[in-house]
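# Observations on chain architecture
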Amino acid sequence: MGFTLLPNAEKFKADLMKIAMTTLSSKILSQDKEHFAKLAVDAVMRLKGSTNLESIQIIKKPGGSLKDSFLDEGFILDKKIGIGQPKRIENAKILVANTAMDTDKVKIYGARVRVDSMSKVAEIEAAEKEKMREKVQKIIAHGINCFVNRQLIYNFPEELFADAGILAIEHADFEGIERLALVTGGEIASTFDNPESVKLGHCALIEEIMIGEDKLIHFSGVEMGQACTIVLRGASNHVLDEAERSLHDALCVLSQTINDSRVLLGGGWPEMIMAKAVDELARKTPGKKSLAIEAFSRALIAIPTIIADNAGLDSADLVAQLRAEHHKEGSNAGIDVISGSVGDMSELGISEAFKVKQAVLLSATEAAEMILRVDEIITCAPRKREDRM
């Protein structure tokens, strides 16, 4: 089923929270999993059914604690506004570009220009300046009030932009301008001769904000309404990198769940249900086929076994208890690694997305099939070590 705001939207949101918390519970964010699960669910709900995570930007800022992380609507660019430029622009028209803004010097390796007087040098410099002025005028002719460039903008063009009341942002990283163009509805330009063919980006407000001790540029009211930014705070860059990876996992799972809203219980519950059904099929199947079916059932039970082993628990004892529980009708039993026993997964709120579970099962089965199809493995003779003495 696609993304629709059903009457039980609250229940669906609660299911998404459970899935996010289950995903984060084994990672660095497990201490604040409720806070980060809420951030991830809010961000994914803004996508309105899209699985394009490009419109969710994650910015990492050292300082503060992980709990200080927050979700902000719109787009944040990790840059400062230049001196003498407007700090706030409403109804912004943005030109996103990737162009060289240094004076167009002769860029041929080993080229030399010989002159016979200093006045000629001054003339060359004046010609270079004039060329740059023409380029800036072409950019201004687009009717913009914000210019974002992938490359450096040097002093002279920056001065011209400031005089024209245009906010010029230089050296924005490539991923930053790609995403900025996407969320503001613009395109990255590199030539400026035909203003009518350049697609400008739009947003309601550009302003400078402070996060910790750093100044950043905030674009709010962007054309792509679902765009948002998650700002991660943490003690060090290592913590932030790990937090980003964990949060990305949660965002991927949630974006898939919104498109296919079927939710399963976790903790080895689905594998035990499947193993029970496969076992029953094996008993009804005559011949050698039943051995292969039994082996598939044993492979499914490996998942709860590994969950118990990873938590440092006695897997043999727990899986035996779990199997006994699943012979009762309508059991919700799974492995509760916190208490180290078999627990009710629906009460504990341990949930997994159906789509993820399906992908795991299919890819594992296909991989096993491929290995079984290999007839012979030819091993090469090891290469002799060369005696370098």
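Scroll up to find the structure this text is about.
How each quantity is defined
- Residues numbered from 1 in each chain as written.
- Predicted model: local features only at pLDDT ≥ 70, side-chain atom pairs only at ≥ 80, totals over all residues.
- Heavy atoms only, no water.
- Helix = DSSP H or I, 4+ residues; strand = E, 2+ residues; numbered from the N terminus.
- Rg over C-alpha atoms; globule rule 2.2 N^0.38 Å.
- Buried < 20%, exposed > 50% of the residue type's maximum accessible area, 1.4 Å probe, protein only.
- Contact = heavy atoms within 4.5 Å.
- Areas by Shrake-Rupley, 256 points an atom, 1.4 Å probe, with all protein chains shown as cover.
- Pairing = 2+ DSSP bridges.
- Patch = residues over 30% accessible without salt bridge, like charges linked within 9 Å, V, L, I, M, F, W, Y side chains within 5 Å.
- Salt bridge = Lys/Arg side-chain N within 4 Å of Asp/Glu carboxyl O.
- Expected span 1.5 Å × (residues − 1).
- Core = buried A, V, L, I, M, F, W, Y, C linked by side-chain atoms within 4.5 Å.
- Lys, Arg positive; Asp, Glu negative; His and termini not counted.
- Polar contact = N/O pair within 3.5 Å; in protein donor to acceptor, adjacent residues only side chain to side chain.
- Axes fitted to C-alpha atoms, helices over the stretch in contact; angles between N-to-C directions.
- Left-handed = near helix turned anticlockwise from the far one by under 90°.
- Nonpolar A, V, L, I, M, F, W, Y, C, P; charged D, E, K, R; others polar.

### Observations concerning the overall build of the chain
Per the secondary structure count, the chain includes eleven helices and 14 strands. Taken against the 2.2 N^0.38 rule, which gives 21 Å for 389 residues, the C-alpha radius of gyration of the chain at 30 Å runs more than 25% over that of a compact globule. Looking at the chain residue by residue over its 389 residues, the buried ones come to 39%. The long-range fraction of contacts in the chain, counting pairs at least 24 apart against all pairs at least 6 apart in sequence, stands at 72%. Of the accessible surface of the chain, which amounts to about 22500 Å², a share of 53% is contributed by carbon and sulfur atoms.

### A look at the environment of Lys-13
Within the secondary structure, Lys-13 sits in helix α1 (residues 9-24). Spatially, the C-alpha atom of Lys-13 lies 9.2 Å from that of Asp-42, the residues being 29 residues apart in sequence.

### Quick notes on unusual backbone geometry
The backbone of Asn-91 sits at a positive phi, close to 45°, despite the residue not being glycine. Structurally, the position occupied by Asn-91 is in strand β4 (residues 88-97).

### Things to note about the side chain of His-326
With respect to the helices, strands and loops of the structure, His-326 is situated in helix α9 (residues 315-326). His-326 gets classed as buried once you look at its relative accessible area, which sits at 4%.

### A closer look at the pairing of strand β8 (residues 201-211)
Looking at chain direction, β4 and β8 are connected through six bridges and run antiparallel. Bridging across to β8, Arg-88 finds its partner in Glu-207. Note that β8 and strand β9 (residues 214-222) share eight bridges and pair antiparallel. When the sheet's bridge partners are listed, Ile-211 is paired in β9 with Asp-214. Turn length for the β8-β9 hairpin, with the two strands adjacent in sequence and antiparallel, is two residues, and the turn residue Gly-212 shows positive phi of about 65°.

### Let's talk about a nonpolar patch on the surface
A contiguous nonpolar surface patch, about 240 Å² in accessible area, is contributed by Val-113, Val-115 and Ile-124. Looking at the secondary structure, you find Val-113 in the loop between β4 and α3 (118-140).

### Some thoughts on helix α6 (residues 237-259)
For α6, which comprises 23 residues, the first-to-last C-alpha distance of 33 Å matches the rise-based estimate of 33 Å (1.5 Å per residue) to within 8%. When α6 is considered as a whole, its buried residues turn out to be Leu-240, Ala-243, Ser-246, Leu-247, Ala-250, Leu-251, Val-253, Leu-254, Ser-255, Thr-257 and Ile-258.

### Concerning the nonpolar core
By size, the foremost hydrophobic cluster in this structure holds 31 residues, and its most contacted members are Phe-36, Ile-56, Ile-230, Leu-232, Leu-247, Leu-251 and Leu-254. Contributing elements (two or more residues each) for this core: α1, α2 (33-46), β1 (56-62), β10 (228-234) and α6. Setting aside residues up to four positions removed in sequence, Ile-56 forms contacts with Ala-43, Val-44, Leu-47, Arg-179, Cys-228, Ile-230 and Leu-251. Formed by 23 residues, the second largest nonpolar core is a distinct cluster that contains Ile-81, Cys-146, Ala-172 and Ile-177.

### Side note on the side chain of Asp-72
When you line up the elements, Asp-72 lands in strand β2 (residues 70-73). For Asp-72, which is buried and forms no salt bridge, the nearest opposite charge comes from Arg-46, at a distance of 8.0 Å. One polar contact links Asp-72 to His-218, side chain to side chain, over a distance of 2.8 Å. Among all residues touching Asp-72, those that are not within four sequence positions of it are His-218, Cys-228 and Thr-229.

### A short note on the sheet that holds β10
Pairing is mixed in the open sheet, where three strands are placed in the order β1-β10-β2. Edge positions in the sheet fall to β1 and β2, since each of these pairs with one other strand and no more. Averaged over all adjacent pairs, the angle separating strand axes in this sheet is 25°, with direction ignored. In this structure, β2 lies alongside β10, joined through four bridges in antiparallel fashion. Considered in β10, the bridge of Glu-73 is made with Cys-228. Contacting β1 and β10, α6 crosses the sheet at an angle of about 160° to β1.

### A few points about the pattern of salt bridges
Summed over all chains, the structure comprises 14 salt bridges. Among the ionic pairs, Asp-214 bridges to Lys-61, the shortest N-O distance being 3.0 Å. One end of the pair, Asp-214, is in strand β9; the other, Lys-61, is in strand β1, with 153 residues separating them in the sequence. Judged by relative accessible area, which is 32%, Asp-214 ranks as partly exposed. With relative accessibility at 7%, the residue Lys-61 sits in the buried group. A salt bridge links Glu-352 to Lys-357; its shortest N-O distance comes to 3.2 Å. Residues joined in a network through salt bridges with shared partners are Lys-13, Lys-38 and Asp-42.

### Comments concerning the packing of helix α7 (residues 269-284) against α9
Interhelical geometry of α7 versus α9 gives an angle of 65° and a closest axis separation of 10 Å. In this structure, α7 crosses over α9, and the sense of that crossing is right-handed. Counting all contacts with α7, which are made through Trp-269, Met-272, Ile-273 and Lys-276, the residues of α9 involved are Val-319, Leu-322, Arg-323 and His-326. Each residue belonging to the contact of α7 with α9 can be placed in one class, and the counts come to five nonpolar, one polar and two charged.

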